[in-house]
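Examining the three-dimensional arrangement
This is what each chain is made of:
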Amino acid sequence: MSLLSPVAALGRMTLGMLASFGRVAIFAADVVSHLLRPPFYPREFLQALMQIGWFSLPVVGMTALFTGGALALQIYAGGARFSAEAVVPAIVAIGMARELGPVLGGLMVAARVASSIAAEIGTMKVTEQIDALVTLSTNPLKYLAVPRVLAATLAVPVLVAVGDSIGIMGGWIVGVQRLGFNSAAYIKNTVDFLEMWDITSGLLKGAAFGFLVALMGCYHGMNSGRGAQGVGKATKSAVVSASVLIFAANYLLTELFFS
Amino acid sequence: MIELKGVEKRFGSNHVLRGVDLSIASGTSMVIIGGSGTGKSVLLKCILGLVHHDAGQITLDGQDVTTGDRDEFLARFGMLFQGGALFDSLRIWENVAFRLMRGALKKPKAEAREIAIEKLRRVGLGPQVADLYPAELSGGMQKRVGLARAIAANPEVIFFDEPTTGLDPIMSGVINDLIREIVVEMGATAMTITHDMTSVRAIADNVAMLHGGKVRWTGPVSELDSTPDPYVQQFIHGRAEGPIESVR
Ligand SMILES: Nc1ncnc2c1ncn2[C@@H]1O[C@H](COP(=O)(O)OP(=O)(O)O)[C@@H](O)[C@H]1O
Ligand SMILES: [Mg+2]
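Residues numbered from 1 in each chain as written. Chains lettered and ligands numbered in written order. Predicted model: local features only at pLDDT ≥ 70, side-chain atom pairs only at ≥ 80, totals over all residues. Heavy atoms only, no water.

**Digging into the UniProt feature "transmembrane region" (unreviewed entry) in chain A**
UniProt's entry tags residues 52-73, 149-174, 203-222 and 234-253 of chain A with the feature "transmembrane region" (unreviewed entry), counted in the numbering of this structure. Taken end to end, residues 149-174 of chain A has its terminal C-alpha atoms 37 Å apart, with 100% of it in helix and 0% in strand. (UniProt positions renumbered as here; feature names shortened; annotations may be inferred. Helix = DSSP H or I, 4+ residues; strand = E, 2+ residues; numbered from the N terminus.)

In structure tokens form, the structure reads like this:
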């Protein structure tokens, strides 16, 4: 009996996980199916766009700047081992656009946005505001989740584009100031080697990550337990699940796009 | 006419409602009394479909509340939640006018605002609060805003969950009068939860006492004092001694 109990626990956990995957999938399908059906809530959408897009710019920009700089240093050091220091501009650009821009941008948005959405909607749930919405003939999913998910899906690619540019600029600053590259040559090298698909694929990843982040925030918020503890747990689950899903989706999309 | 037959609800092992039978005639005011945690709020939420009952039947004018058009059904209701449940991202007047600014009852913004300010006045709040946010008001003021929101679209059926809790005696009087007025003048059906015996006498046509998951006693308010039921007597006189246990 006691020998088997870890197995039973594992089984229960697996079943529990499968069940929550199912619930999340149903929730996602619900949100998507409401995207194009009225009523629409433009004011809520614009507010979400400001919150998710505009106010995330500083943190995404800073992250990209330092990452681009560090990347340039690393690639220079690695490239020096086989006299290939000249690849720095191209690899910084490709690395930022394809991987680091979308993934780090997505993670920063997950930290900022998934948490705040989950806390806000979770608080609404525990203070009966969601019930109140229903009694006022407003579908909470449509009023709360749809605008946020749509806003994140559209805003994160823009954040990624800005992050890419700032990251590449970070690499350029380090390249020119610390590694002795010629400024014009660095820029020319970047432009010559960077392909459109490097950028577009990163932006598509950004859209997927934005969708996942807002979806997790809304899902965990709307399913928040009771009391302050319930909201705390919902917030934590939203950030953790959004981050893990970003990594998983990143791998799948990379397979899809580049192999 | 709202009718409940054998309504049951459990949350896990907590068997809250154990077969509630109750009927509320249209245009009358029913007051629900009972100790805290006996499931009064849950009962209202079951009628509105915010909580799904496990057994029994709830009908509004003969139609089962779990079937039929949900929007049409909800458009007939107004509800004041126990905690107010104001939307804290919206201004006070936008809270009150929420239903008037979207959906079937949509009105121009200026008109919606005017109605909101008029409803706020009826719950004893001046126009200066209209542009504040809920967090800037006291608990009692928030409760009254919730009340204004519940009556904003002149619903046929209104539920008030502890409308006077947290109000001073004068404001309680204002709210009691308002609820009575809504029933008498607008012909609305009202269901009110309260612990305040003054409110009970001011608001009720009929009273029902919930205890042990069932309706322990129900009858016209005039019979409340003369009923021999020991549970009712203990409750209305606020005695610690009696059949209702004080540790629950
Ligand atoms: N959503 C819920 N989940 C679990 N238990 C609940 C829920 N809502 C209410 N309860 C429980 O039901 C019981 C009755 O609650 P309620 O109707 O709020 O009492 P009251 O009569 O004071 O309004 C309480 O024990 C409460 O803990
Ligand atoms: Mg209650």
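**Some details on the domain arrangement of chain A**
How large an interface is tends to be reported as the accessible area lost when its parts come together. Residue and element names in this part refer to chain A. In terms of domain boundaries, chain A breaks down into domain 1 (1-33) and domain 2 (41-258). A straight line from the C-alpha centre of domain 1 to that of domain 2 covers 27 Å. The interface is formed by 8 residues belonging to domain 1 together with 10 residues belonging to domain 2. Together domain 1 and domain 2 conceal approximately 780 Å² of surface at their shared face, both sides included; 88% is due to carbon and sulfur atoms. If you sort the residues of domain 1 by the area they bury against domain 2, Val24, Phe27 and Val31 come out on top, with a joint share of 69%. Summed over the shared surface of domain 1 and domain 2, the number is 0 salt bridges. (Domains from an automatic or database assignment. Contact = heavy atoms within 4.5 Å. Buried area = accessible area lost by both parts, 1.4 Å probe. Salt bridge = Lys/Arg side-chain N within 4 Å of Asp/Glu carboxyl O.)

**As for the coordination of the magnesium ion (ligand 2)**
Residues and elements named next belong to chain B. The protein atoms that coordinate the magnesium ion (ligand 2) are Ser41 (OG) and Gln82 (OE1), at distances spanning 2.0 to 2.2 Å. Taken together, the residues Ser41 in helix α1 (residues 40-48) and Gln82 in the loop between β6 (77-80) and α3 (92-96) connect sequence positions 41 residues apart. By relative accessible area, which is 18% here, Ser41 ends up buried. Taking the relative accessible area as the measure of exposure, Gln82 reaches 34% and is therefore partly exposed. (Donors = N, O, S within 2.8 Å, 3.2 Å for Na, K, Ca; no water. Buried < 20%, exposed > 50% of the residue type's maximum accessible area, 1.4 Å probe, protein only.)

**Focus on the site of ligand 1**
Residues in contact with ligand 1, as listed here, are Arg226(A), Phe11(B), Asn14(B), Val16(B), Gly35(B), Ser36(B), Gly37(B), Thr38(B), Gly39(B), Lys40(B), Ser41(B) and Val42(B). What surrounds ligand 1 is not a single chain but chains A and B. Between an oxygen atom of ligand 1 and a main-chain N or O atom of Thr38(B), the distance comes to 3.3 Å. For ligand 1, an oxygen atom lies 2.8 Å from a polar atom in the backbone of Lys40(B). Starting from 560 Å² of accessible surface for ligand 1 in isolation, the protein chains cover 69%. Where the shell around ligand 1 is concerned, the elements lending two or more residues are β2 (14-24) and α1 of chain B. With 3 residues, α1(B) is the largest single contributor of residues to the shell around ligand 1. (Near = heavy atom within 4 Å. Polar contact = N/O pair within 3.5 Å; in protein donor to acceptor, adjacent residues only side chain to side chain. Areas by Shrake-Rupley, 256 points an atom, 1.4 Å probe, with all protein chains shown as cover.)

**A short note on the nonpolar core**
Ranked by size, the top nonpolar core spans 86 residues in total, and within it Phe27(A), Leu4(B), Leu17(B), Leu22(B), Ile32(B), Phe159(B) and Met191(B) carry the most contacts. In terms of residue count, the dominant contributor to this core is helix α6 (residues 140-177) of chain A (12 residues). Residues lining this core come from more than one domain, with at least three contributed by each of domain 1 (1-33) and domain 2 (41-258) of chain A. Those residues in contact with Phe159(B) that sit more than four places away from it in its chain are Ile2(B), Leu44(B), Ile47(B), Leu48(B), Phe77(B), Gly78(B), Met79(B), Leu80(B) and Met191(B). Counting 49 residues, the second largest nonpolar core, distinct from the first, contains Ile92(B), Ala112(B), Leu120(B) and Phe160(B). (Core = buried A, V, L, I, M, F, W, Y, C linked by side-chain atoms within 4.5 Å.)

**Focus: the confidence of the model for chain B**
Confidence in the prediction of chain B, expressed as mean pLDDT, is 93, and 99% of residues score 70 or more. In the model output, the complex is listed with pTM 0.91 alongside ipTM 0.92. (pLDDT = per-residue confidence, 0-100.)

**Points about the sheet that holds strand β8 (residues 189-193) of chain B**
Residue and element names in this part refer to chain B. Spatially, 6 strands are ordered β6-β7-β8-β3-β9-β10 in an open sheet, and the strand pairing comes out mixed. Every other strand in the sheet has two partners, leaving β6 and β10 (214-220) as the edge strands with one partner each. The sheet shows a mean angle of 15° between the axes of neighbouring strands, taken without regard to direction. Here strand β3 (residues 29-33) pairs with β8 via 4 bridges, running parallel. Residue pairing for β8: Met30 is matched across the bridge by Met191. (Pairing = 2+ DSSP bridges. Axes fitted to C-alpha atoms, helices over the stretch in contact; angles between N-to-C directions.)

**A look at the environment of Ala135(B)**
For Ala135(B), the location among the structural elements is in the loop between α4 (109-122) and α5 (139-151). As for Ala135(B) and Gly83(B), which are separated by 52 residues in sequence, their C-alpha atoms are 13 Å apart.

**Brief notes about the interface of chain A and chain B**
Taken residue by residue, the interface counts 16 residues in chain A and 22 residues in chain B. Here chain A packs against chain B, burying approximately 1,600 Å² in sum over the two surfaces, 56% of which is carbon and sulfur. It is Glu128(A), Thr135(A) and Leu136(A) in chain A that bury the most area against chain B; as a group they hold 36% of the surface buried on that side. One can count 3 salt bridges joining chain A with chain B. There are 6 residue pairs in polar contact (both at pLDDT 80 or more) connecting chain A and chain B. Breaking the side of chain A that touches chain B down by element, the ones donating at least two residues are α2 (42-52) and α5 (129-135) of chain A. Looking at the side of chain A that touches chain B, the element that brings in the most residues is α5(A), giving 6 residues. Per-class residue counts for the side of chain A that touches chain B are 7 nonpolar, 5 polar and 4 charged. (Nonpolar A, V, L, I, M, F, W, Y, C, P; charged D, E, K, R; others polar.)

**Some words on the pairing of strand β4 (residues 55-60) of chain B**
All names here are of chain B. Pairing analysis gives 5 bridges linking strand β1 (residues 2-11) to β4, with the strands arranged antiparallel. What sits directly across from Leu4, in β4, is Ile58. As paired elements, β4 and strand β5 (residues 63-64) share 2 bridges and run antiparallel to each other. The residue of β5 that forms the bridge with Leu60 is Gln63. The turn joining β4 and β5, which pair antiparallel and follow one another in sequence, is formed by 2 residues; a positive phi near 50° is taken by Asp61.

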